[in-house]
Amino acid sequence: MELLKSKSYTQTKSTYTFWLVAGIILVAFNLRPAITSLGPLVGMIQKDVGLAHWSAGLLMSLPLLVFSIMSPIVPKIANRLTNELTLLAGLFLLLIGIGLRFIPITFFLFTGTLFVGVGIAVGNVLLPAVAKEKFPQKFGLMTSVYSTSMGLFASFASGVSVPLAVDMDLGWQGALIVWGIPVLLAILVWAFIFKNSHGSQSEIKRMGSSTTQMWRSPLAWQIAVFMGLQSFLFYVTISWLPEILHSHGMSMATAGWMLSISQLVGLPFSFFIPVIAGRFQSQKWIAMILSMCSFIGFGGLLFGSSYPILILSIIFIGIALGGIFPLSLTYIGLRTKNARQAAELSGMAQSSGYILAAVGPFFIGFLFDKTHVWTVPLSVLILISTVVMVFGMLAGRNRYI
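The rules we used
- Residues numbered from 1 in each chain as written.
- Predicted model: local features only at pLDDT ≥ 70, side-chain atom pairs only at ≥ 80, totals over all residues.
- Heavy atoms only, no water.
- Helix = DSSP H or I, 4+ residues; strand = E, 2+ residues; numbered from the N terminus.
- Expected span 1.5 Å × (residues − 1).
- Buried < 20%, exposed > 50% of the residue type's maximum accessible area, 1.4 Å probe, protein only.
- Contact = heavy atoms within 4.5 Å.
- Core = buried A, V, L, I, M, F, W, Y, C linked by side-chain atoms within 4.5 Å.
- pLDDT = per-residue confidence, 0-100.
- 1 Å grid on protein atoms, 1.4 Å probe; cavity = no way out; pocket = protein on both sides within 12 Å on 5 of 7 lines; lining within 4 Å.
- Points joined across faces, edges and corners; volume = space filled by probe spheres on them.
- Nonpolar A, V, L, I, M, F, W, Y, C, P; charged D, E, K, R; others polar.
- Polar contact = N/O pair within 3.5 Å; in protein donor to acceptor, adjacent residues only side chain to side chain.
- Axes fitted to C-alpha atoms, helices over the stretch in contact; angles between N-to-C directions.
- Left-handed = near helix turned anticlockwise from the far one by under 90°.
- Phe/Tyr/Trp six-rings, centres within 6.5 Å; stacked < 30°, edge-to-face > 60°.
- Lys NZ or Arg CZ within 6 Å of the ring centre and 35° of its normal.

1. Here's the deal with helix 15 (residues 284-303)
Logical step 1: If you check helix 15, its first and last C-alpha atoms are 28 Å apart, about what 20 residues at 1.5 Å a residue would give, namely 28 Å.
Logical step 2: Along helix 15, the residues classified as buried are Ile286, Ala287, Leu290, Ser291, Cys293, Ser294, Gly297, Phe298, Gly299, Gly300, Leu301 and Leu302.
Logical step 3: Residues of helix 15 that are buried make contact with helix 13 (218-247), helix 14 (252-277), helix 16 (307-334) and helix 18 (375-395).

2. Observations concerning the nonpolar core
Logical step 1: Ile45, Trp190, Leu245, Leu301 and Leu327 are the most contacted members of the largest nonpolar core, which totals 122 residues.
Logical step 2: In terms of residues, this core owes the most to one element, helix 13, which gives 18 residues.
Logical step 3: Once you skip the residues sitting within four places of it in the chain, leucine 327 turns out to touch Phe226, Ile273, Ala277, Gln283, Ile286, Ala287 and Leu290.

3. Thoughts on the confidence of the model for the chain
Logical step 1: On average, residues of the chain carry a pLDDT of 82, and 90% of them reach 70 or more.
Logical step 2: Element-level mean pLDDT values for the chain span from 45 in helix 11 (residues 203-207) up to 94 in helix 18.

4. Quick word on the environment of isoleucine 96
Logical step 1: Mapping isoleucine 96 onto the fold places it in helix 6 (residues 83-100).
Logical step 2: Sequence separation between isoleucine 96 and valine 116 is 20 residues, and the spatial gap between their C-alpha atoms is 7.7 Å.

5. Here's the deal with empty space enclosed by the protein
The method is simple in principle: a probe with the dimensions of a water molecule rolls over the atoms, and the space it marks as empty is what remains.
Logical step 1: All told, the structure shown has three cavities of 30 Å³ or more when counted by the stated rule.
Logical step 2: Computed from the structure, the largest cavity encloses a volume of approximately 190 Å³.
Logical step 3: Lining the largest cavity are 18 residues, with Arg32, Phe234, Gln263, Leu321 and Gly322 sitting closest to its centre.
Logical step 4: The set of elements that each furnish at least two residues to the lining of the largest cavity consists of helix 8 (139-167), helix 13, helix 14 and helix 16.
Logical step 5: Broken down by element, the lining of the largest cavity gets its largest block of residues, six residues, from helix 16.
Logical step 6: By residue class, the composition of the lining of the largest cavity is eight nonpolar, nine polar and one charged.

6. So, helix 6
Three- or four-residue spacings in an α-helix give side chains the same orientation, since the helix completes a turn every 3.6 residues.
Logical step 1: Between the first and last C-alpha of helix 6 there are 26 Å, a value that for 18 residues agrees with the 26 Å anticipated at 1.5 Å per step.
Logical step 2: Taken together, the buried positions of helix 6 are Asn83, Glu84, Thr86, Leu87, Leu88, Gly90, Leu91, Leu94, Gly97 and Ile98.

7. Quick look at the side chain of threonine 113
Logical step 1: Counting through the fold element by element, threonine 113 comes out in helix 7 (residues 106-134).
Logical step 2: A polar contact is formed between the side chain of threonine 113 and the backbone oxygen of leucine 109, at a distance of 2.7 Å.

8. Here's the deal with the packing of helix 13 against helix 14
Logical step 1: For the pair helix 13 and helix 14, the least separation of the axes is 8 Å and the interaxial angle reads 145°. Here helix 13 and helix 14 pass one another in a crossing that is right-handed. Of helix 14, the residues touching helix 13 (which contributes Phe234, Thr237, Ile238, Leu241, Pro242, Glu243, Leu245 and His246) are Met252, Ala255, Met258, Leu259, Ser262 and Gln263.
Logical step 2: Across the contact of helix 13 with helix 14, the residue classes tally to nine nonpolar, four polar and one charged.

9. Section: the environment of isoleucine 261
Logical step 1: Locating isoleucine 261 in the fold gives a position in helix 14.
Logical step 2: Residues isoleucine 261 and serine 158 lie 103 residues apart in sequence; the distance between their C-alpha atoms is 9.0 Å.

10. Describing the packing of aromatic side chains
Logical step 1: As enumerated under the stated definition, the model contains ten aromatic pairs in all.
Logical step 2: Ring plane angle 80° and centroid distance 5.2 Å describe the contact between phenylalanine 18 and tryptophan 19, whose orientation is recorded as edge-to-face.
Logical step 3: With a relative accessible area of 52%, phenylalanine 18 lands in the exposed category.
Logical step 4: When the centroid spacing of 5.9 Å and the interplanar angle of 45° are considered together, the rings of tryptophan 240 and tryptophan 374 count as tilted. With tryptophan 240 in helix 13 and tryptophan 374 in the loop between helix 17 (339-371) and helix 18, this residue pair connects regions lying 134 residues apart in the sequence.
Logical step 5: A relative accessible area of 1% means that tryptophan 240 is categorised as buried.
Logical step 6: Lying over the aromatic face of phenylalanine 234, arginine 32 brings its terminal NZ or CZ to 4.2 Å of the ring centre.
Logical step 7: Here the basic side chain of arginine 32 rests over the ring of phenylalanine 325, its NZ or CZ set 4.9 Å away from the ring centre.

Put into structure tokens, the structure is as follows:
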């Protein structure tokens, strides 16, 4: 009888663990498609709704502003509701936001994007906490798995947006609402996880809230600026790369797939960079190489016009953006001495960093509206890549906060 009970408990635990891993991956799947699917469709949305480039840029920047505001708030909500219930609430808000954007009116487009930002912000903040809480001995592996899953679905969303809208005749509205399907799947899985959870306390709660000391640390600010500016480059690329390639003569469908390819190229780097970075005391050389790839990539878009040069540029951009983001996450663990500091740095870096990121799509769209060419915007991206290198190398020094 005891043996049967033990076997039953083991099977129940294995089932719960399976669904927990599936739930983490499903949340990761939903952290970018609602944003990355928008970039290739911006031109259609502008024509249909009547948005200027700066207004379309603001549409892309809005989720990032929400990330910045919500990052320090989400842990407090999770302390009251548990991580599982908070994640469920975030997924519901994401689904509502995707649904609202189906209505081709400016108000609903921006309101839906606002809800999308809140829903994704919940996942951004809590997914690392859930991975650490549920898989403390395999945190690094789970981080690699969910960050790679995030990049995989983000690239897929970029590539299929235009085919869904044009080839399948769904329009930009149908192409956007399709991404409600994986959100529904995630809701079902997390409803099961919440029902079968044992009310374990959140890791965030035991760590406590952020202190003012973190906001006074030069190293913390170096990491925050590095994280913010790499996000600046990523979200500008997601927002405007198809339009930039279209200006070089590519069709929008091909440009959308080029954006997808740039993210697929980055997937191996997204997985292996945290592993490689953890084996060295200093990560300055990693930050320098990845930033140089960004510099070369955007330089190729500025000075190149032939397809081979454009494709090489896209590959370099993919390597850079695929590696720099997980490197910024790795810095949070490597530059802190304990879990409490890591939690404080994560909240501080995401909150302040996404303010910088939010400026990107709006500012680049504004520059294009003023100049009507991509020369000045691309020159700015090359300059930002240089600044990313500087702060990445500063943050990569072997020291602690």
